[in-house]
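Summary of structural features
Below are the chains, spelled out letter by letter.
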Amino acid sequence: MTFQEIQAKAVELIQNEHESVDHRLSQVCSLLKENVAHYDWVGFYFKNGDKRELKLRAFAGAPTDHIIIPFGKGICGQVAESNSNFVVPDVQGQDNYISCNINVKSEIVIPLFVHGENVGQIDIDSNTADPFTKEDETFLENIKKEIDKILG
């Protein structure tokens, strides 16, 4: 499937109001992991209430011990504070990286917003070194925009 085809399917899943938001997020995780060769783990982290931490809400891939991530820690925690996309071509080059799996070589994190507030993020790990392109980033931003709509 092309990014365009995957995106169309993701929009269909996200807009299905007959399913819970959590179910839709899980479906999107599975869709991305199963259809993009270099997406080995796909998850959604969200701000955990009033705490300065993120909590894993949905994912596809190997289970992780990192259910809670404090703001500022790891790539996800940094994005919670920076409010910006973060593409990491080589996780070994990041001092603040939290390893979820010894096979992970790169990561991309895209923040989610509701009414201008960073409420969570799409987190994707890859077992391939430096696979993420501008096309990946644009693709994920388009999916993020659809997810932002159902969170508000």
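Presented here is an overview of the structure given in this document. No experiment lies behind these values; they were computed from the predicted model shown. (Residues numbered from 1 in each chain as written. Predicted model: local features only at pLDDT ≥ 70, side-chain atom pairs only at ≥ 80, totals over all residues. Heavy atoms only, no water.)

**Considerations on unusual backbone geometry**
This is how the line gets drawn: Working definition: helices are DSSP H or I runs of at least four residues, strands are E runs of at least two. Numbering for both runs from the N terminus.
For Asn83, which is not a glycine, the phi torsion comes out positive at approximately 65 degrees. With respect to the element layout, Asn83 can be found in the loop between α3 (74-82) and β4 (86-88). One non-glycine residue with positive phi stands out, namely Asp130, at about 50 degrees.

**Examining the sheet that holds strand β2 (residues 53-60)**
To keep it simple, the criterion reads: At least two DSSP bridges between two strands are required for those strands to pair. Each axis is a line fitted through C-alpha atoms, and for a helix only the stretch in contact is used; angles between axes span 0 to 180 degrees, taken between their N-to-C directions. By definition, residues are in contact when any of their heavy atoms lie within 4.5 Å.
The six strands lie next to each other as β3-β2-β1-β6-β5-β4, forming an open sheet whose pairing is antiparallel. Of all the strands in the sheet, just β3 (68-70) and β4 have a single pairing partner and so form its edges. Across the sheet, the axes of successive neighbouring strands diverge by a mean angle of 25 degrees, strand direction being ignored. Here three bridges tie β2 to β3, and the two strands are oriented antiparallel to one another. The partner of Lys55 across the bridge, within β3, is Ile68. Contacts from helix α2 (residues 21-35) reach β1 (41-47) and β2, with the element oriented near 60 degrees to β2. Along the sheet, α3 makes contact with β1, β2, β3, β4, β5 (106-114) and β6 (117-126), crossing β6 at roughly 155 degrees.

**Structural notes on the nonpolar core**
Generally speaking, soluble globular proteins have nonpolar side chains that are buried together. Convention followed: As used here, the term nonpolar core means buried Ala, Val, Leu, Ile, Met, Phe, Trp, Tyr and Cys residues forming a set that is joined through side-chain atoms within 4.5 Å. A simple rule labels every residue: compare its accessible area, found with a 1.4 Å probe on the protein chains alone, to the largest value its type can have, and call it buried under 20%, exposed over 50%, or partly exposed in between.
Ranked by internal contacts, the top residues of the largest apolar core, which has 29 residues, are Leu32, Tyr39, Phe44 and Phe139. Elements supplying a minimum of two residues to this core: α1 (3-14), α2, β1, β2, β5, β6 and α4 (134-151). Look past the residues within four positions of Leu32 in its chain and what remains in contact with it is Ile6, Tyr39, Val42, Phe139, Leu140 and Ile143. Within the second largest apolar cluster, 15 residues are counted, among which are Trp41, Val79, Tyr97 and Val104.

**A short note on α3**
Each α-helix winds once per 3.6 residues, and so residues spaced three or four apart point in a common direction. Of the positions making up α3, those classed as buried are Gly74, Ile75, Cys76, Gly77, Val79 and Ala80. Residues of α3 that are buried in the fold lie against β1, β2, β3, β4, β5 and β6.

**Describing the environment of Glu5**
In this fold, Glu5 is placed in helix α1. A relative accessible area of 43% means that Glu5 is categorised as partly exposed. Put simply, Glu5 and Asn35 are 30 residues apart on the chain and 9.9 Å apart in space, counted from C-alpha to C-alpha.

**Some remarks on the packing of aromatic side chains**
Given two aromatic rings, their pairing is described by the distance between the two centres and the angle made by the two planes. Rule in force here: To pair, rings of Phe, Tyr and Trp, with the six-membered ring standing in for Trp, must have centres within 6.5 Å; the planes then decide the type, stacked if under 30 degrees apart, edge-to-face if over 60, and tilted in the middle.
Within the structure shown, the criterion is met by four aromatic pairs. For the ring pair Tyr39 and Phe132, a centre distance of 6.0 Å and an interplane angle of 45 degrees mean the geometry is tilted. You can see Tyr39 sitting in the loop between α2 and β1 and its partner Phe132 sitting in the loop between β6 and α4, a full 93 residues away along the chain. Here the two residues Tyr39 and Phe132 agree in accessibility, since each one is buried. Put simply, the rings of Trp41, Tyr45 and Phe59 pair up and form one aromatic cluster.

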